[in-house]
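Spelled out, the chains give:
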Amino acid sequence: MAVQPDAKDDSAATPTKRLRWATQRVKGKGGIKKRMSIMDRLHHRGSQNSEKKRDSGGGESMGTDLGGIQEEPNEDQPPATEEEDKDDEGPRQVYFNIPLPAKAADEHGNPLKHYKRNKIRTAKYTPLSFIPKNLWFQFHNIANVYFLFLIILTVFPIFGSSNPGLNAVPLIVIVVITGIKDAIEDYRRTILDNELNNSPVHRLVDWNNVNVNADDVSLWRRIKKATTRGILSIFKKMRKNKDLPGKTFAENAMDEPRQSYQSNRAPKRGSALTNRTSFASAQEEIQMTPVPSPLPRENGLEVPVSYDRPGTAFSFEGGHGSPAQKKHGDLINHDLPVSGKARFHQDYWKNVQVGDFVRIYNDDQIPADVVILSTSDPDGACYVETKNLDGETNLKVRHALRSGRKIKHARDCERTQFTIDSEAPQANLYQYSAVARWNQKNHKDMDESDEEMAEPISINNLLLRGCNLRNTDWVLGVVIFTGFDTKIMVNAGITPSKRSRIARELNWNVVYNFMILFVMCFVSGVIEGIIWSQGDNTIAFFEFGSIGGTPALDGFITFWAALILFQNLVPISLYISLEIIKTCQAFFIYSDSEMYYEKIDYPCTPKSWNISDDLGQIEYIFSDKTGTLTQNVMEFKKATINGIPYGEAYTEAQAGMQKRQGIDVEKESARAREEIAAARVKMLADIRRLHDNPYLHDDELTFVAPDFINDLAGESGREQQEANEQFMLALALCHTVISETVPGDPPRIEFKAQSPDEAALVATARDVGYTVLGNSVDGIRLNIQGEDRSYKVLNTLEFNSTRKRMSAIIRMPNNQIILFCKGADSIIYSRLKKGEQSELRRSTAEHLELFAREGLRTLCIAQRELKEEEYRAWNKQHELASAAIQNREDKLEEVSDMIERDLTLLGGTAIEDRLQEGVPDTIALLAEAGIKLWVLTGDKVETAINIGFSCNLLNNDMELIIFKIEDDQVSTAEAELDKHLATFRMTGSDLELKAAKKSHEAPAPTHAIVIDGDSLKLVLHDSVRQKFLLLCKQCKSVLCCRVSPAQKAAVVAMVKSGLDVMTLSIGDGANDVAMIQEADVGVGIAGEEGRQAVMSSDYAIGQFRFLQRLVLVHGRWSYRRLGETIANFFYKNIVWTFTIFWFQISTNFDMTYLYDYTLILLFNLAFTSLPVIFMGVLDQDVSDKVSLAVPQLYRRGIERKEWTQPKFWLYMLDGLYQSVICYFMPWLLFRIGGFVTKNGLNMDERERFGLYVGPAAVVCINVYILLNTYRWDWLMVLIVTISILLVWFWTGIYTSFTSADFFYKSASEVFGQATFWAVTFLSIIVSLLPRFAIKTVQKVYFPYDIDIIREQVRQGKFAHLKVNDGSDFSSKGSSTTSSDIAKPSKHTHYPSLDEDERPIYPPSVAPTATTHNNRSQNGSDGTEFTQYRSSLDPPNRPSMDRARPSFDRIRASCDRIRPSFEASNDFTSAAMLTRLESSHAFGPVQSRT
């Protein structure tokens, strides 16, 4: 590889010319024409899969992966031109202290491109736009438009309305209340926006940024700003002494960024990282923030000693065979005169613009996407926490441009002269391509022309908006993307507005009522017109002429008058009542103390208040794995060293295995707890006796192995002692962990790693006396059993998803060079030295398989001793590969592959990724409820399957269907689907899909599907998607592994639309946002890893186990309550409206009011509103504990039986029947003759007749609602009683005043009649009798599940639940694991990471049926054979001399499983590993692994 392809002699191969990292020279003035446009270069990617490629940040990560960008194309390639793009879309070219070229400026010299501002506004409204915009949104609701239209009609007296003002009151109230609610919500968003936009940042001022025009402010923006300032100033004066909203936890839960566990600890810690101040920088007095460094220097400025040097595990110097000095160039033009006025001034985020220089200090949040020019670290390294971006709290390393590291002050910024050619804004968080270009001055030879140079810029040189700078004093960079162009905002998207399923179906019921209303109005208009046309009838006698003049016009007017009179058939109160009910339901969910997560002080927080009823209809749950089902708390549990297994643990997977075998898990877990506790005490005592380790903290010990300490002390012979020492030394040296010292007595050593697995390994080495203290000038410092030692790190070969391993080349104190390598067992085994260690390989493989059966994540540790000459030759090639611009990663991987061969096996480790508390029981409970759980994860297949066993998704009785399509052909995928569908006697037809939509039964637990992302892409193709969906429908569990966020959303959409079911997605990271937004209900885990998923979710919970209560209790209650409430609401309005309609028969449909207008107005407002609202808020068929004890009750929601169209029509018919009874019973009374009062006045006046009808109707409605209510407590009975009595109370009070006009004294006159009470009582009995009879027959002879359970509750069969102290039902009987004994290590709380990013690979061993050798069948642990090294004697004692309870337990509980596991190529069993040839042990590189 030649960096300069135009070199014509062999001298180009010398290191001096080839190692010009990231710089190139183009000879001649035409050189610039040879370069392709940035977009063309972006299209010329290599074959690498760069969709989500992340650099782990090693020493070589300072380089750049441009994905095969061809910096200098061939001479014969025609030059490409960049299109001019006048807006901010497309690639951009940013200029620094260089005048804009003619093509980039207008005639006035202003830039043609206009970039987005850095001001972010997530609020919908401004003070100027709130009223019109909010009204516009509210009147998108067709019901509001309808009621507004009715109000307009009432304004005209011709339609017979008595009081238009009163008619308008309900709509005005609803619009005002909704507007206030929207204003409060939007004001909170505005407050948060302002806090963010007005955050401080140090920006370079008093210099000319040619990329923007500061005076270009539109007139509309000036008006808006002036209006906003004016309104805010008035508002602040009004609220001068009041706190702003959003300050309490209940109001802004999770809306403000939380500090991560790293930044929230006290006291301040010191480390080799936090003490970073280069000597040169210190002399130039770079202004720092007022926050002091954690460990300030006491003796002023001095040259740091070796251990103070701010080195890292990612950058080392002084290695043997180091290349000649590279030429990186300098962005500073020292000949450029400066004004001296430029300075870094504290400014607001909203004022940051593209092309600005910014200085960011430690713990600051990044205001925009910034290209790093220099940092306080001499190596240009800085550390960022991306919690707000992708949910990860582990630190990531980023690097400054090589050519910009001399830029430290404002005067340096003024002297820079360069351009950045950047790609367009795009959403990929893990990829960025750009290039910096400048002309390098040659100060030695002034006659020589400037040298054109370029340095690629990758994601490793970019700080993204929303990240936090950590452990770095300062960073200086230039802004490349602002505002909505930044990656975090491009990824944010807009949370879709979700409506519940009942709300969507309610529209049809409203339409049906509109149709009924139209028929009623049309009939009224037609009959009234016909009667007018007849003449010589009562209407002609009593009316003084026709209003319309013609019968047709009279009928038309009557139609609209009827619309006003019968408007309650589509009540406006329905919508406001539903809002009240859903708000109360959301409040109860928030207030549920059983879903409160004390650890992070977080309750279940509803983000969307209007979809609580959807929680009661969920049929499919789609869950992420890491951080959602698991805690991401990695704990080192077991190890196998030199063929000897160590470690005591009792895992969830082991408990699940024993539970399937019928073993009493409670008793077994208690016994294991006692054994492990005793072993822990013994191990701690042995450690203290061996060496009083000041860095060991008892509560953080996870590796419980007293026999290991004994062997480390030499009790089993020198050989095993040396093996254990070398093993722990490998763990302490082969990593990229950052060590931090927390001052104290004793001091505490903590680790920050890019993978939680690595931190767990290094922490275990620390606990047994191999403590990583920090980094020295060229290596790493360890404390080994009290002795400080320094090891020189020559090279670090980083982990990636292709290599599946990482290595460190170390120069030992005796000058010996050793390569330590750790990685997936299959990868390490294929690289072992051929023909050696056969017995050790066999026993280690068997141990690793047993570990994997326990659900532990396994990896192998190996080493290789290198000769000096061999290393020098290899290092030369490695340096050349590191200097490559094109295909850099491929070349590094190829070179690394050459050295990682002929390894010697040391042993293996087993780490537990602990399940969250209660996950297995929650999943089992959801399954009993009929809910199907699919796992969609980015992790490897084996990891997902191990977790599947741990959490009861998989069991050994299942046939596992592995989808792995090798040839990437849809036809192959279709053939595979057809084969598996044939097992279920299916073909994937439309008829089968139609039947699947109607079936809600859970599939038989006989099959499970595991599919990876590549295969999933094929089966989601339109031609085969239906077959895949039907196959999944037949399987008990579905695990989709290695899937992207877009694929997660696609799977959710496929199931949601394909089967017409309700779906719920739950996740904790930014990669789960897509599926959370796609599902009907999105739930975010508000753990310690970030808030991206929470902010996009509908509900946020602290732990997965709370999902059972959210769905099975609150979801079921909400759905049943709302379904019953809506049905009763339609019923009561049918009763009331049709009594008025029946009255029109007696009035020839002239739209005369039956009731006094106040009764019509108060009917929905007071007389019948509270009982139906309280039914929706408080009704409860069974308690929460019974709901969890009998999860099968939830299945009625899955089948959607609580709200159906038949139920709607039955309630409507019931209401119609009761309206007939309530009206015609008094009508029959008055039909034979009238009544008079004691003073001789007639009682057959319409309003007094209305009193015979109205109270009976109100009593029927309220008692009917009470009959349909399950919970008759004192509050519900009181509310119904008050609502009934309120009719008499209001009528009596109102009619006592003469202002009642014709209604005056009617109450005393009517209520004084015995006929009134007789008719009212009789009407109520006859109206409710059918309903009562039907309910009695149904509950006695055709009971629902809930009726049987309620009867059992009355019989006391669930009385034992009341004894439980409020804990979740599912927690009863949950297993106790070893994690219950030891408190979780504080250093192992880590976020969700895709498996590609873990330097330690997941477990690659799954249970198989053919892995036990003969020795394992007779009770032996299989480790007594020790002749695994030809040159070594066996240990002094066999392993059976000491009891190993945990190892014996798992050995005894291993059961045989189906051969489908063994048949999969994705699993590596012990038998497979022992058959595995050392294909990479020697010889030339054949292929990449």
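Residues numbered from 1 in each chain as written. Predicted model: local features only at pLDDT ≥ 70, side-chain atom pairs only at ≥ 80, totals over all residues. Heavy atoms only, no water.

Caption draft 1: Representation of the overall build of the protein chain in the model. Across its full length, the protein chain carries 48 helices and 34 strands. Out of the 1489 residues in the protein chain, the part that is buried amounts to 59%. The long-range fraction of contacts in the protein chain, counting pairs at least 24 apart against all pairs at least 6 apart in sequence, stands at 80%. As displayed, the protein chain has an accessible area near 59,800 Å², and 56% of this comes from carbon and sulfur atoms. (Helix = DSSP H or I, 4+ residues; strand = E, 2+ residues; numbered from the N terminus. Buried < 20%, exposed > 50% of the residue type's maximum accessible area, 1.4 Å probe, protein only. Contact = heavy atoms within 4.5 Å. Areas by Shrake-Rupley, 256 points an atom, 1.4 Å probe, with all protein chains shown as cover.)

Caption draft 2: Layout of the sheet that holds strand β11 (residues 451-457). The strand order β1-β9-β10-β11 describes an open sheet built from 4 strands, whose pairing is antiparallel. In this open sheet, the two edge strands, each paired with only one partner strand, are β1 (92-96) and β11. Each neighbouring strand pair of the sheet contributes to a mean axis angle of 20 degrees, computed without reference to strand direction. Relative to strand β10 (residues 434-440), strand β9 (residues 418-422) runs antiparallel, the two being bridged by 4 bridges. Counterpart to D421 in the pairing with β10 is V435. (Pairing = 2+ DSSP bridges. Axes fitted to C-alpha atoms, helices over the stretch in contact; angles between N-to-C directions.)

Caption draft 3: Here's a closer look at the pattern of salt bridges. This model, assessed by the stated rule, comprises 58 salt bridges. Between E385 and R470 there is a salt bridge; the shortest N-O distance is 2.9 Å. Placement of E385 in strand β7 (residues 381-385) and of R470 in strand β13 (residues 468-470) is noted, with a sequence separation of 85 residues between them. For the pair E385 and R470, one class covers both residues: buried. (Salt bridge = Lys/Arg side-chain N within 4 Å of Asp/Glu carboxyl O.)

Caption draft 4: Representation of the sheet that holds strand β6 (residues 369-375). Sheet architecture is open: 6 strands sit in the order β4-β2-β5-β14-β6-β12, paired in antiparallel fashion. For this open sheet the edge positions go to β4 (343-348) and β12 (462-463), each flanked by a neighbour on one side alone. Pairing analysis gives 6 bridges linking β6 to strand β14 (residues 474-481), with the strands arranged antiparallel. Note that in β14 the partner of I372 across the bridge is G477.

Caption draft 5: Structural detail: a negative patch on the surface. Where like charges cluster on the molecular surface, the negative patch consists of E966, D967, D968 and D1014. Within the secondary structure layout, D967 lies in the loop between β29 (959-963) and α27 (970-983). The exposure class assigned to D967 is partly exposed, which follows from its relative accessible area of 38%. (Patch = residues over 30% accessible without salt bridge, like charges linked within 9 Å, V, L, I, M, F, W, Y side chains within 5 Å. Lys, Arg positive; Asp, Glu negative; His and termini not counted. Charge placed at Lys NZ, Arg CZ, Asp CG, Glu CD.)

Caption draft 6: Main features of the nonpolar core. Judged by nonpolar contacts, the single largest core of 99 residues is most densely connected at L563, F566, I1126, F1130, W1136, Y1155 and W1203. Ignoring any residue separated from it by four or fewer positions in sequence, one finds W1136 in contact with N568, Y1155, L1159, I1160, F1163, G1254, A1257 and V1258. Ranked by size, the runner-up nonpolar core spans 56 residues in total, among them I709, L712, L733 and I911. (Core = buried A, V, L, I, M, F, W, Y, C linked by side-chain atoms within 4.5 Å.)

Caption draft 7: Representation of helix α12 (residues 501-534) within the structure. Look at α12: 50 Å from first C-alpha to last across 34 residues, which is about the 50 Å you get at 1.5 Å a residue. Of the residues trailing α12, G535 is marked for its positive phi of about 70 degrees. (Expected span 1.5 Å × (residues − 1).)

Caption draft 8: Here's a closer look at a positive patch on the surface. A grouping of R117, K119, R121, K124 and K133 is seen on the molecular surface, where their side chains present a positively charged patch. Among the structural elements, K119 can be located in the loop between β1 and α3 (130-138). Residue class for K119 comes out partly exposed when judged on its relative accessible area of 32%.

Caption draft 9: Highlighting the packing of helix α30 (residues 1025-1033) against helix α31 (residues 1045-1058). For the pair α30 and α31, the least separation of the axes is 11 Å and the interaxial angle reads 80 degrees. It follows from the interaxial angle that α30 and α31 lie roughly perpendicular. Along its contact with α30, which presents R1025, F1028 and L1029, the element α31 presents M1054, V1055 and G1058. (Parallel < 35°, antiparallel > 145°, perpendicular 65-115°, else oblique.)

Caption draft 10: Region of the structure containing the environment of S1327. Tracing the sequence through the fold places S1327 in helix α43 (residues 1314-1341). S1327 sits in the buried class, given a relative accessible area of 0%. Sequence-wise, S1327 and A1256 are 71 residues apart; in three dimensions their C-alpha atoms are separated by 9.6 Å. Setting aside its immediate chain neighbours within four residues, S1327 contacts Y1217, Q1218, I1221, C1222 and C1260. Of note is the side chain of S1327, whose polar atom sits 2.7 Å from the backbone oxygen of S1323. (Polar contact = N/O pair within 3.5 Å; in protein donor to acceptor, adjacent residues only side chain to side chain.)

Caption draft 11: Structural context of the packing of aromatic side chains. If you walk through the whole model with that rule in mind, you get 50 aromatic pairs. An angle of 20 degrees between the planes, with centres 6.4 Å apart, marks the rings of Y620 and F622 as stacked. Here the basic side chain of K1132 rests over the ring of F1129, its NZ or CZ set 4.2 Å away from the ring centre. For the cation-ring pair, R1196 lies above Y1344, with the distance from its terminal atom to the ring centre recorded as 4.3 Å. (Phe/Tyr/Trp six-rings, centres within 6.5 Å; stacked < 30°, edge-to-face > 60°. Lys NZ or Arg CZ within 6 Å of the ring centre and 35° of its normal.)

Caption draft 12: Seen up close, the confidence of the model for the protein chain. Looking at the protein chain as a whole, the pLDDT averages 75, with 73% of positions reaching at least 70. Confidence over residues 1453-1468 falls short of pLDDT 50; this stretch has 56 contacts with residues more than four positions distant or in other chains. (pLDDT = per-residue confidence, 0-100.)

Caption draft 13: Highlighting the pairing of strand β22 (residues 779-784). The buried fraction of β22 is high, at 5 of 6 residues. Note that strand β21 (residues 770-775) and β22 share 5 bridges and pair antiparallel. Paired with N775 across the strands is I780, a residue of β22. Bridge count between β22 and strand β23 (residues 787-797): 6 bridges; the pairing is antiparallel. When the sheet's bridge partners are listed, R781 is paired in β23 with S790. Taken together, β22 and the strand that follows it, β23, pair antiparallel across an intervening segment of 2 residues, in which Q785 is found at a positive phi of about 50 degrees.

Caption draft 14: Focus on unusual backbone geometry. In this structure, D206 is a non-glycine residue whose phi angle is positive, near 60 degrees. For D206, the position within the fold is in the loop between β2 (200-205) and α6 (219-238). The backbone of M1151 shows a phi angle near 65 degrees, a positive value even though the residue is not glycine. When you line up the elements, M1151 lands in the loop between α34 (1106-1146) and α35 (1157-1167).

Caption draft 15: Structural view of the packing of α35 against helix α41 (residues 1274-1294). Relative to each other, α35 and α41 sit at 150 degrees, their axes nearing to 11 Å. In the crossing of α35 with α41, the sense of the turn from one axis to the other is right-handed. Along its contact with α35, which presents T1158, L1159, L1162, A1166 and F1167, the element α41 presents S1283, L1286, V1287, W1290, T1291 and Y1294. Considering only residue class, the contact of α35 with α41 consists of 8 nonpolar, 3 polar and no charged. (Left-handed = near helix turned anticlockwise from the far one by under 90°. Nonpolar A, V, L, I, M, F, W, Y, C, P; charged D, E, K, R; others polar.)

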